[in-house]
Amino acid sequence: MTTTHEPPAAAVARDAHWRTKMDRLRARRLPERAVSLCDNDDAKRAVSEATLSLVKARSDARAAATVAGIPETEQDAWLESQPQVVIAQSLLATAEHALAEATFTLTFRALPRPAWEQLLREHAPSEDQADKGMEYDVNTFPAALIAACHVERDETGAEVDGMSVQDAQELLDEWSDTDAKVLFTAALLPNQTIRADLGKGS
């Protein structure tokens, strides 16, 4: 006769608790960082001007509310209904929409640790670069990292093929030094920034 032993209830509960937590840990998403790019200076300026116009319209309306004896507790609702404020809000919304249409966003996701370490091995620094304290080959690593971390999504939100290493190198070569650094930094930061929710427990 075979005798089976049921594990202690407390052990079963602990195991289930840990499995639930482990499932949540596995489900955590890798950090992402987005960078927005817009070359339409007119669209940027229109938003700035519309924002200032709205601030002035609200300021003028609040002054008018004081003169009209509108109770302070009612002034916020009153001034938001004033024609000059409504018009200024509409103009700002239009300007912001135009700016959004002229802006595109690049998103970069951190690599899993093994992929990050493999990329570093593939683009190890030269002896001279290593002597200067560099962790990677500054000539080849930036484009490789940008391409590896870039996340492109279609209109439905599904991920599709994004930037190639050749695409990334072309941008790094043709953009200004400042813009190129912004692009590389956007890909680098998700891999090196400590997430706030991974701090010490209390």
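All of the points below concern the structure found in this document. (Residues numbered from 1 in each chain as written. Predicted model: local features only at pLDDT ≥ 70, side-chain atom pairs only at ≥ 80, totals over all residues. Heavy atoms only, no water.)

A few words now on the side chain of His123. With respect to the element layout, His123 can be found in the loop between helix H5 (113-122) and helix H6 (127-131). A residue is classified by how much of its surface remains accessible, and His123, at 16% relative accessible area, is buried. Apart from residues lying up to four places away in sequence, His123 is in contact with Tyr136, Asp137, Thr140, Phe141 and Ala144. (Helix = DSSP H or I, 4+ residues; strand = E, 2+ residues; numbered from the N terminus. Buried < 20%, exposed > 50% of the residue type's maximum accessible area, 1.4 Å probe, protein only. Contact = heavy atoms within 4.5 Å.)

Moving on to the side chain of Gln129. Tracing the sequence through the fold places Gln129 in helix H6. At a separation of 3.0 Å, a polar atom in the side chain of Gln129 contacts the main-chain amide nitrogen of Ser126. Ignoring sequence-local partners within four residues, the contact set of Gln129 consists of Met134, Tyr136, Asp137, Val138 and Asn139. (Polar contact = N/O pair within 3.5 Å; in protein donor to acceptor, adjacent residues only side chain to side chain.)

Glancing now at the nonpolar core. Ranked by size, the top nonpolar core spans 24 residues in total, and within it Leu106, Phe108, Trp116, Phe141, Leu145, Ile146 and Phe184 carry the most contacts. When residues of this core are traced back to their parent elements, those giving at least two are strand E1 (32-37), strand E2 (104-109), H5, helix H7 (141-149), helix H8 (165-174) and helix H9 (177-192). In contact with Phe184, other than residues within four places in its own chain, are Tyr136, Phe141, Pro142, Leu145 and Ile146. Val47, Ala57, Val85 and Ala95 belong to the second largest nonpolar core, which has 10 residues in total. (Core = buried A, V, L, I, M, F, W, Y, C linked by side-chain atoms within 4.5 Å.)

All right, on to the sheet that holds strand E3 (residues 150-153) then. Strand order across the open sheet formed by 4 strands is E1-E2-E3-E4, with antiparallel pairing between neighbours. The sheet is open, and its two edges are formed by E1 and strand E4 (159-160), each paired on a single side. With 2 bridges joining them, E2 and E3 adopt antiparallel strand pairing. Residue pairing for E3: Phe108 is matched across the bridge by His150. (Pairing = 2+ DSSP bridges.)

Attention shifts here to the pattern of salt bridges. Considering all chains together, one arrives at 14 salt bridges under this definition. Glu32 is the partner of Arg29 in a salt bridge, and the nearest nitrogen-oxygen pair spans 3.5 Å. The class of Arg29 is exposed, set by a relative accessible area of 58%. Of the charged contacts in the structure, one is a salt bridge between Lys44 and Asp41, with a shortest N-O distance of 3.9 Å. On the criterion of helical spacing, the pair formed by Lys44 and Asp41 is a turn pair, its members being 3 residues apart in helix H2 (residues 41-67). Classification of Lys44 as partly exposed rests on a relative accessible area of 36%. Looking at Asp41, the relative accessible area reads 48%, which means it is partly exposed. (Salt bridge = Lys/Arg side-chain N within 4 Å of Asp/Glu carboxyl O.)

Between two packed helices, both the angle of their axes relative to each other and the distance between the axes serve to describe the pair. The N-to-C vectors of H2 and helix H3 (residues 72-80) enclose an angle of 130 degrees; their axes lie 9 Å apart at closest approach. Taken together, H2 and H3 sit at an angle that is classed as oblique. Relative to H3, the crossing made by H2 is right-handed. Judged by residue contacts, Arg58, Ala61, Arg62, Ala64, Ala65 and Thr66 of H2 engage Gln75, Asp76, Trp78, Leu79 and Glu80 from H3. Of the residues belonging to the contact of H2 with H3, the class tally is 5 nonpolar, 2 polar and 4 charged. (Axes fitted to C-alpha atoms, helices over the stretch in contact; angles between N-to-C directions. Parallel < 35°, antiparallel > 145°, perpendicular 65-115°, else oblique. Left-handed = near helix turned anticlockwise from the far one by under 90°. Nonpolar A, V, L, I, M, F, W, Y, C, P; charged D, E, K, R; others polar.)

Everything listed here is a matter of geometry and, on its own, says nothing about what the molecule does.
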